[in-house]
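# Working through the structure, step by step
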Amino acid sequence: MADRRLLIAGTIVVLIIVVGAYVLWPRPAAPPPEEVPKYRVLRSTWAFPTYIDPAVGTDRSSSCAQINLYDPLIKLGPGGVIIPWIATNWTYSEDGLTWNFTIRQGVLFHDGTELTAEDVAFSINRMLRMGTGRAYVLEPYVYPNVTVVGDNIVQFHLKVPFGPLVSALNGWYILNKDLVMQHIESGEYGDWGDYGKEWLTTHDAGSGPYKVKSFVLEEKLVMEKFEDYWAGFVDKAPDIVEMIGTTEPITVRTMLANGELEYSDCWQSLENLLAIKEIPNITISARADTTGGWQLMINTKKPPCDDVHFRRAMAYCLNYTKMVTDIFPGTVQMVGPVNTAMLGHNPDVLQFHQNFDKAREELALSKYADNYTEYEVELHWCAEVPDEEKLAMQFMTDCAVVNIDIKVVKTPWTTMVQETGSLETSPHMVYISAGGAYPEAGSMLMSRYHSSNAASWMQNEWLLNETLDAMMEDAVSTLNFNERLEKYKAIQVEIVNLCPTIWLYQGIYWHAYPNYVTPPWVVNGTYVKTAILGDVYIYTPQSGGDFECRLYRVDREIEYGG
């Protein structure tokens, strides 16, 4: 019995020692919680669809995606200044039919391979052969057989001289030929199949500062920083860029209020902007249109608008001051047929202002002086742009003062495109924004008034004027820069004399963003007092446009799950 008690006591002692040792023995510290990575994120809203293939998309959202995914041959700075980019310099033959471009070396594609002259030739030929995207800019002038001469020189062969060739190359992006060729499927381009079009719908083959991380069509494009980008980034540039496919006013306003959006789209109504303005720490700025303008295009072959005096009378009726202060605050009135920021704009052409006495004088000179009140002049405005109705109604009211009868017609965009495609179906007037593809006046003049473009939505005027056509063709074929600009100015005088258009205003495009975002253009604008939004910062886009994300600063990091 004593032995048993002794055994129990010994066991207890051993247990105490073991437990004590376990409690007191130092144990390894628990691993620290895993740190969740944080990123600088720039989220933005857009009107989709967005086409990231440079040979397909030309609208604003597509162009803004492409400038981040790809590198162009050249870029354009303020005032149309040419900035060498992938092309570092260029020369042309005496007759202007052969151009050589030297290609920058050391530029890497997103897959790590080096961009070469072969990639450049492939990319330009691809666009021209497909005939889509921006192909229309060069197709009349450049053969689709750009070749490589030497290690880093590409050669363009022109059908006719084209003076603005270099600036017209803005937006012509370079693709990784080998990568595209790996993803060719059967298609409409002969030996080239679909030219990689299907794959490039949701993938990129670029060398730009960002690369595609994911793309759900109609919903969201996500891009991530390409760390090896040759031109670099500003400090605190975004790591992730999201382009979100919505412009729904309440959604945009809520996302800004909740800190879920860094840059709003430019299609928000004035009413929603007023509500956004009340959100704390939100800035509203406006981007100035530097390539086009809003216009009332007059069918010069349809009575009574076939009379220049009647057209001038209508031009003298509109209240332009109210247009730029109340209806579209912050905009500026156009001066003739070319945007004032374009090279070769003529600031001395006649600018119409409301003057009912002059309107009556012009009506008295019209061949319809005795019966113009018998005509009803139809003005078609775009149903998808509700703000157009405001100005259309103002124009109707103003014209009524001199007994010109304007009928305002709400028209879907697809219908407008169809009806302006034929002289027989084109209405008296259409209300449309149109511009140029490169920053010279010749681009806007050719697209708006040359007879080759008459049967399109870009024109409702139907001038079909051989003299003007010859003047425009001569101007764009002039290689001497200063001579070319002077020819543009002379053409503008002729067009204004014909008054085929009522030139309205150069648009501005509003954006809202939180104070922790610093866009690259904050030192390139001016404050303008508007009647409705107060003092607003209005800026002109810099090189690469206003959405070159590597130049944005985002002073906030967040957890990001994609």
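As a reminder, the structure under discussion sits directly above these lines.
In what follows, the accompanying structure is described. (Residues numbered from 1 in each chain as written. Predicted model: local features only at pLDDT ≥ 70, side-chain atom pairs only at ≥ 80, totals over all residues. Heavy atoms only, no water.)

### What to know about the overall build of the chain
The number of helices and strands found in the chain is 16 helices and 24 strands. Counting over 562 residues, the chain shows a buried share of 51%. Excluding contacts between residues fewer than 6 apart, the proportion of contacts in the chain whose partners are at least 24 apart in sequence is 71%. About 24500 Å² of surface is accessible on the chain, with carbon and sulfur atoms providing 53% of the total. (Helix = DSSP H or I, 4+ residues; strand = E, 2+ residues; numbered from the N terminus. Buried < 20%, exposed > 50% of the residue type's maximum accessible area, 1.4 Å probe, protein only. Contact = heavy atoms within 4.5 Å. Areas by Shrake-Rupley, 256 points an atom, 1.4 Å probe, with all protein chains shown as cover.)

### Looking at helix α7 (residues 249-257)
Every α-helical turn comprises 3.6 residues, leaving residues that sit three or four positions apart pointing alike. When we look at burial in α7, the residues that qualify are Val 252, Met 255 and Leu 256. In a view along the axis of α7, the buried residues occupy a sector of 100°, so they form one face of it. Its buried side turned inward, α7 meets β2 (41-45), β11 (240-244), α8 (270-276), β12 (282-288) and β19 (508-514). For α7, the N-terminal cap is Glu 248; the gap from its side-chain oxygen to the backbone nitrogen of Ile 250 is 3.1 Å. Immediately beyond the C-terminal end of α7, within one or two residues, lies Gly 259, with a positive phi of roughly 70°. (Arc of directions from axis to C-beta. Polar contact = N/O pair within 3.5 Å; in protein donor to acceptor, adjacent residues only side chain to side chain.)

### So, the sheet that holds strand β6 (residues 98-103)
Taken in spatial order, the four strands of this open sheet run β5-β6-β8-β7, and their pairing is antiparallel. Single-partner strands in this sheet number two, and they are β5 (87-92) and β7 (147-148). Examined bridge by bridge, β5 and β6 share five bridges and lie antiparallel to one another. Directly across from Tyr 92, in β6, lies its bridge partner Trp 99. Across the sheet, helix α3 (residues 117-130) lies against β6, β7 and β8 (153-157), angled at about 25° from β8, the strand it touches most. (Pairing = 2+ DSSP bridges. Axes fitted to C-alpha atoms, helices over the stretch in contact; angles between N-to-C directions.)

### Focus on the sheet that holds β11
By definition, the strands of a sheet pair up through backbone hydrogen bonds, in either a parallel or an antiparallel sense. The strand order across the open sheet built from four strands is β2-β11-β10-β9, with neighbouring strands paired in mixed fashion. Looking at the sheet topology across the chains shown, the edges are occupied by β2 and β9 (210-216). For this sheet, the mean inter-axis angle between neighbouring strands, taken without regard to orientation, is 15°.

### Thoughts on the pairing of β11
With five of five residues buried, β11 lies mostly within the body of the structure. Alternating residues of β11 divide into Ile 240, Glu 242 and Ile 244 and Val 241 and Met 243, and every residue in both groups is buried. Strand direction decides the pairing type here: β2 and β11, joined by five bridges, are parallel. Note on β11: the bridge partner recorded for Val 41 is Ile 240. Where strand β10 (residues 220-225) lies against β11, five bridges are found, and the strand directions are antiparallel. Counterpart to Lys 220 in the pairing with β11 is Ile 244.

### Describing the packing of aromatic side chains
Applying the stated rule across the entire model yields 28 aromatic pairs. Look at Tyr 70 and Tyr 173: their rings are 6.3 Å apart centre to centre, the planes differ by 50°, and that puts the pair in the tilted class. Of the two residues, Tyr 70 sits in the loop between α2 (60-69) and β3 (74-76) while Tyr 173 sits in the loop between α5 (165-168) and α6 (177-181), which places them 103 residues apart along the sequence. Judged by its relative accessible area of 0%, Tyr 70 falls in the buried class. Within the aromatic cluster, the residues linked to one another by ring pairs are Trp 85, Tyr 210, Tyr 229, Trp 230 and Phe 233. Stacked on the ring of Tyr 143, the Lys or Arg Lys 159 has its end atom at 5.9 Å from the ring centre. The ring of Tyr 449 has Arg 448 lying over it, and the distance from NZ or CZ to the ring centre is 4.7 Å. (Phe/Tyr/Trp six-rings, centres within 6.5 Å; stacked < 30°, edge-to-face > 60°. Lys NZ or Arg CZ within 6 Å of the ring centre and 35° of its normal.)

### Some words on the nonpolar core
Core analysis: the biggest nonpolar cluster contains 97 residues, and Leu 73, Leu 138, Phe 156 and Phe 547 have the highest contact counts within it. Considering every element that reaches this core, the biggest residue donor is α3, with eight residues. Beyond its immediate stretch of four places on either side in the chain, Phe 156 contacts Leu 73, Leu 97, Thr 98, Trp 99, Phe 101, Ile 124, Val 142, Val 146 and Leu 169. Residues Met 323, Leu 363, Ala 392 and Cys 399 belong to the second largest nonpolar core, which totals 39 residues. (Core = buried A, V, L, I, M, F, W, Y, C linked by side-chain atoms within 4.5 Å.)

### Examining the pattern of salt bridges
Throughout the structure, instances matching the rule amount to 20 salt bridges. A salt bridge links Glu 139 to Lys 159, with the shortest nitrogen-to-oxygen separation between them at 3.4 Å. One end of the pair, Glu 139, is in the loop between α4 (135-138) and β7; the other, Lys 159, is in the loop between β8 and α5, with 20 residues separating them in the sequence. One connected set of salt bridges, linked through shared partners, spans Arg 43, Glu 262 and Arg 556. (Salt bridge = Lys/Arg side-chain N within 4 Å of Asp/Glu carboxyl O.)

### Quick word on the side chain of Asp 194
Residue position: Asp 194 is located in the loop between α6 and β9. Despite its burial, Asp 194 remains without a salt bridge, the nearest opposite charge being carried by Arg 126 at 7.3 Å. Within the local environment of Asp 194, its side chain forms a polar contact with the backbone nitrogen of Gly 196, the two atoms lying 2.9 Å apart. (Lys, Arg positive; Asp, Glu negative; His and termini not counted.)

### Topic: the packing of helix α14 (residues 441-449) against helix α16 (residues 481-498)
Interaxial distance between α14 and α16 falls to 10 Å at its minimum, and their mutual angle equals 35°. Once α14 is placed against α16, the crossing between them reads as left-handed. Facing Ala 441, Gly 442, Leu 445 and Tyr 449 of α14, the residues of α16 in contact are Tyr 488, Ile 491, Gln 492 and Ile 495. Residues belonging to the contact of α14 with α16 are distributed by class as follows: six nonpolar, two polar and no charged. (Left-handed = near helix turned anticlockwise from the far one by under 90°. Nonpolar A, V, L, I, M, F, W, Y, C, P; charged D, E, K, R; others polar.)

### With respect to the environment of Ala 383
Checked against the element boundaries, Ala 383 lands in the loop between β15 (376-382) and α12 (387-400). With a relative accessible area of 23%, Ala 383 lands in the partly exposed category. On a C-alpha basis, the gap between Ala 383 and Thr 414 in space is 9.8 Å, while along the polypeptide they are 31 residues apart. Dropping the residues within four chain positions of it, Ala 383 is found in contact with Lys 410, Thr 411 and Pro 412.

### Section: the environment of Pro 78
Tracing the sequence through the fold places Pro 78 in the loop between β3 and β4 (82-84). Since its relative accessible area comes to 38%, Pro 78 is described here as partly exposed. Residues Pro 78 and Thr 290 lie 212 residues apart in sequence; the distance between their C-alpha atoms is 9.2 Å.

### Re the pairing of β19
Of all the seven residues making up β19, seven are buried; the element is thus mostly covered by neighbouring parts of the structure. Of the two faces of β19, the one carrying Ile 508, Trp 510, Ala 512 and Pro 514 and the one carrying Tyr 509, His 511 and Tyr 513 are both buried. Alignment of β12 against β19, held across seven bridges, turns out to be antiparallel. Considered in β19, the bridge of Arg 287 is made with Tyr 509.

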